[in-house]
Amino acid sequence: MAINLSNMELNDIRKYYFIPVHSASPMLPVGFVVHHSAHFFIVIFNFEHHVAYVLGQHISDDVMHVNGTDQDKWKAWRGPDYWTRITATHGWNAGDPNNVYIKTQNWEQNGVDCGPIACTMLEQVLIAGLDIN
């Protein structure tokens, strides 16, 4: 990923994705699929509360249901870069990406169909919302 986007590049991206060009869009959570280390998982950023929900990143059963800050993994899949790019694209000021609270939820996976599972999980979150409890 490029570190800095020019104003012209940001405006082109905003136009392409129907994001307001001359003003900030409303600050809403953003969800997306990440491909890292031959594995797909989903991430939902809540910029207002400074929280990143990382779902299905780990596939081994020894790390199930882990919550808290795991800055090494956050940086390994370039979480701070995603945070910065998304806020810049939308014209938001969401603070320092190194101070984001990272909340993870993992489940046992078979190591084969993580892509379709990630897409289905993200679709369900978009339809029904994220149960943060």
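Residues numbered from 1 in each chain as written. Predicted model: local features only at pLDDT ≥ 70, side-chain atom pairs only at ≥ 80, totals over all residues. Heavy atoms only, no water.

> Before we move on, could you go through the nonpolar core and cite the residues and values that matter?
Residues Val43, Phe45, Phe47, Trp74 and Trp77 are the most contacted members of the largest nonpolar core, which totals 17 residues. Residues within four places of Trp74 in sequence aside, it is in contact with Phe45, Ala52, Gly79, Pro80, Trp83, Pro97, Val100 and Ile102. (Core = buried A, V, L, I, M, F, W, Y, C linked by side-chain atoms within 4.5 Å. Buried < 20%, exposed > 50% of the residue type's maximum accessible area, 1.4 Å probe, protein only. Contact = heavy atoms within 4.5 Å.)

> Lay out the pairing of strand S1 (residues 30-36) with the relevant residues and their values.
Along any regular strand, the residues point their side chains to alternate faces of the sheet. In the sheet, S1 pairs with strand S2 (residues 39-46) via seven bridges, with the strands oriented antiparallel. Along S2, the bridge assignment pairs Val33 with Ile42. Taken together, S1 and the strand that follows it, S2, pair antiparallel across an intervening segment of two residues, in which Ser37 is found at a positive phi of about 55 degrees. (Pairing = 2+ DSSP bridges. Helix = DSSP H or I, 4+ residues; strand = E, 2+ residues; numbered from the N terminus.)

> Mind laying out the sheet that holds strand S4 (residues 101-105), listing which residues take part and the relevant values?
An order of S1-S2-S3-S4 is seen for the four strands of this open sheet, with the pairing classed as mixed. In this open sheet, the two edge strands, each paired with only one partner strand, are S1 and S4. Each strand of the sheet is rotated relative to its neighbour by a mean of 25 degrees, with strand direction disregarded. On the sheet, helix H3 (residues 79-90) packs against S1, S2 and strand S3 (51-55) and is oriented at approximately 50 degrees with respect to S2. Against the sheet, helix H4 (residues 114-128) engages S1 and S2, with an angle of about 20 degrees to S2. (Axes fitted to C-alpha atoms, helices over the stretch in contact; angles between N-to-C directions.)

> Which residues make up the environment of Thr104, and what are the values?
Tracing the backbone through its elements, the reader meets Thr104 in strand S4. Sequence spacing of Thr104 and Val54 is 50 residues, and the spatial spacing of their C-alpha atoms is 4.7 Å.

> Which residues make up the layout of surface pockets, and what are the values?
Roughly 210 Å³ of volume is contained in the largest pocket. Residue lining of the largest pocket: Leu5, Ile13, Tyr17, Ile19, Arg85, Ile86, Thr89 and His90, and that is the complete set. The leading source of residues in the lining of the largest pocket is H3, at four residues. In terms of residue class, the lining of the largest pocket is built from five nonpolar, two polar and one charged. The calculated volume of the second largest pocket comes to roughly 160 Å³. Considering the residues around the second largest pocket, the lining is formed by Pro29, Val30, Gly31, Ile44, Asn46, Tyr53, Leu122, Val125, Leu126, Gly129, Leu130 and Ile132. Residue assignment for the lining of the second largest pocket shows that the elements contributing at least two residues are S1, S2 and H4. If you tally residues by element for the lining of the second largest pocket, the top one is H4, at three residues. (1 Å grid on protein atoms, 1.4 Å probe; cavity = no way out; pocket = protein on both sides within 12 Å on 5 of 7 lines; lining within 4 Å. Points joined across faces, edges and corners; volume = space filled by probe spheres on them. Nonpolar A, V, L, I, M, F, W, Y, C, P; charged D, E, K, R; others polar.)

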